[in-house]
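Observations on the three-dimensional arrangement
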Amino acid sequence: MLTKKQWEHCLDEMERMFPEAHCELVHDNPFELTIATLLSAQCTDVLVNKVTKSLFEKYKTPEDYLAVSLEELQNDIRSIGLYRNKAKNIQALCEKLLCEFNGEIPQTREQLVTLPGVGRKTANVVLSVAFDIPALAVDTHVERVTKRLGLCRLKDTVLEVEETIMKKTPMEKWSKTHHQLIFFGRYHCKAQNPQCGSCPLLDDCREGQKRLKKGLVKQ
């Protein structure tokens, strides 16, 4: 497992590599971010942004999403995976917002996760990005990178990964660390063919060291 000093070095290097890491889901307000993050489950941000460009022009408020049939909303997001279930969740989420939260996105995790289609990851994204509340969402990139590095155990659950990162990272860095881990995983430590040979974290990386021993990494 990584020591505190090693993890601090990893954070410093990711800061050097991706100082401008940020949420790549295009949105103008907490409501749009919530919808975009819901749509992004098992889908790329690039595709979500293509869909929401027209979606957010057509639908501005929770009332707008409820003013159309489920079939029409499904058709508007048809190119996104699981679009039928996501459309159903969006309309249910909008109804709950209007009935229980005056049409506004709530600002606590406990309330956010009561919204249809919103799990802990989505709630953490909304808290961090929309409301600047320290939170750390764990997606596939974050989980892959921290397990490869050896910060987390391979058998750890998503919640355990989240708790480990938060425990070993200063709270004021949670949100930025979340985005930098995503950028690092998306553009450098990819699922297939990670760039271990040019990685500044190779000396600290459990997976990189294994690849080095197997001759899969050129230094």
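Reading guide: rules and limits
- Residues numbered from 1 in each chain as written.
- Predicted model: local features only at pLDDT ≥ 70, side-chain atom pairs only at ≥ 80, totals over all residues.
- Heavy atoms only, no water.
- Domains from an automatic or database assignment.
- Contact = heavy atoms within 4.5 Å.
- Buried area = accessible area lost by both parts, 1.4 Å probe.
- Salt bridge = Lys/Arg side-chain N within 4 Å of Asp/Glu carboxyl O.
- Polar contact = N/O pair within 3.5 Å; in protein donor to acceptor, adjacent residues only side chain to side chain.
- Helix = DSSP H or I, 4+ residues; strand = E, 2+ residues; numbered from the N terminus.
- Nonpolar A, V, L, I, M, F, W, Y, C, P; charged D, E, K, R; others polar.

As recorded in an unreviewed UniProt entry, the chain goes by the name Endonuclease III, listed as coming from Lysinibacillus antri.

**A word on the domain arrangement of the chain**
What the domain assignment lists for the chain is domain 1 (4-21 + 137-212) and domain 2 (30-131). Contact residues are listed per partner, giving 9 residues for domain 1 and 8 residues for domain 2. Roughly 590 Å² is buried in total at the junction of domain 1 and domain 2, and carbon and sulfur atoms are behind 49% of that figure. Seen at the junction of domain 1 and domain 2, the total is 2 salt bridges. As a salt-bridge pair, Glu-162 and Arg-120 come within 2.8 Å of each other at their nearest N and O atoms. Summed over the shared surface of domain 1 and domain 2, the number is 4 residue pairs in polar contact (both at pLDDT 80 or more). Looking at the side of domain 1 that touches domain 2, the elements that each hand over two or more residues are helix 10 (158-168) and helix 11 (174-187). The element that contributes the greatest number of residues to the side of domain 1 that touches domain 2 is helix 11, accounting for 4 residues. Grouping the amino acids of the side of domain 1 that touches domain 2 by side-chain chemistry returns 3 nonpolar, 3 polar and 3 charged.

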